[in-house]
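Coordinates in review
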Amino acid sequence: MGVPQCGYCQGGQIMSAAGLIKRSPKPTDADIDEAMSGNICRCGTYTRIRAAIKQVAAKQGGAR
């Protein structure tokens, strides 16, 4: 999805996304927004982050 650019937020984004998918295997956009709200991306790739989370969830049994 081309999410990482500068790498500043990457660790936090990955940990938050992994925790979200573990808790909610089929996250909605609202679920994703809430789970990721504590992470600030200096590059502004939020739409790509959401798309990547949906892609991973779909591969593991399906995003809504």
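Below is a short write-up of the structure. (Residues numbered from 1 in each chain as written. Predicted model: local features only at pLDDT ≥ 70, side-chain atom pairs only at ≥ 80, totals over all residues. Heavy atoms only, no water.)

**Remarks on the overall build of the protein**
What counts here: Secondary structure elements follow DSSP: runs of H or I no shorter than four residues count as helices, runs of E no shorter than two count as strands, and numbering proceeds from the N terminus. The atom set for the radius of gyration is the C-alpha atoms, and the globule formula is 2.2 Å times the number of residues raised to the power 0.38. The rule is simple: take the accessible area with a 1.4 Å probe, protein chains only, and divide by the maximum for that residue type; under 20% is buried, over 50% is exposed, in between is partly exposed. In what follows, residue pairs with any heavy atoms lying within 4.5 Å of each other are defined as contacts. Under this rule, positive means Lys or Arg and negative means Asp or Glu; His and the chain ends count for nothing. Every charge is mapped to an atom, namely NZ of Lys, CZ of Arg, CG of Asp or CD of Glu.
Along the backbone of the protein there are 3 helices and 0 strands. Taken from N to C terminus, the helices and strands of the protein fall in the order α-α-α. At 11 Å, the protein has a C-alpha radius of gyration in line with the 11 Å of a compact globule built from 64 residues. The dimensions of the protein, computed from C-alpha atoms along their principal axes, are 30 × 20 × 15 Å. Looking at the protein residue by residue over its 64 residues, the buried ones come to 30%. Taking as baseline every contact in the protein between residues at least 6 positions apart, the subset at least 24 positions apart corresponds to 64%. Measuring between centres, the 9 positive side-chain charges of the protein sit 9 Å from its 4 negative side-chain charges.

**A look at the environment of K26**
Mapped onto the elements, K26 comes out in the loop between α1 (10-23) and α2 (29-36). Placed 35 residues apart in sequence, K26 and G61 show a C-alpha to C-alpha distance of 7.5 Å.

**Observations concerning the side chain of T45**
Mapped onto the fold, T45 is located in the loop between α2 and α3 (46-59). Contact partners of T45, with chain neighbours within four places excluded, come to V3 and Q5.

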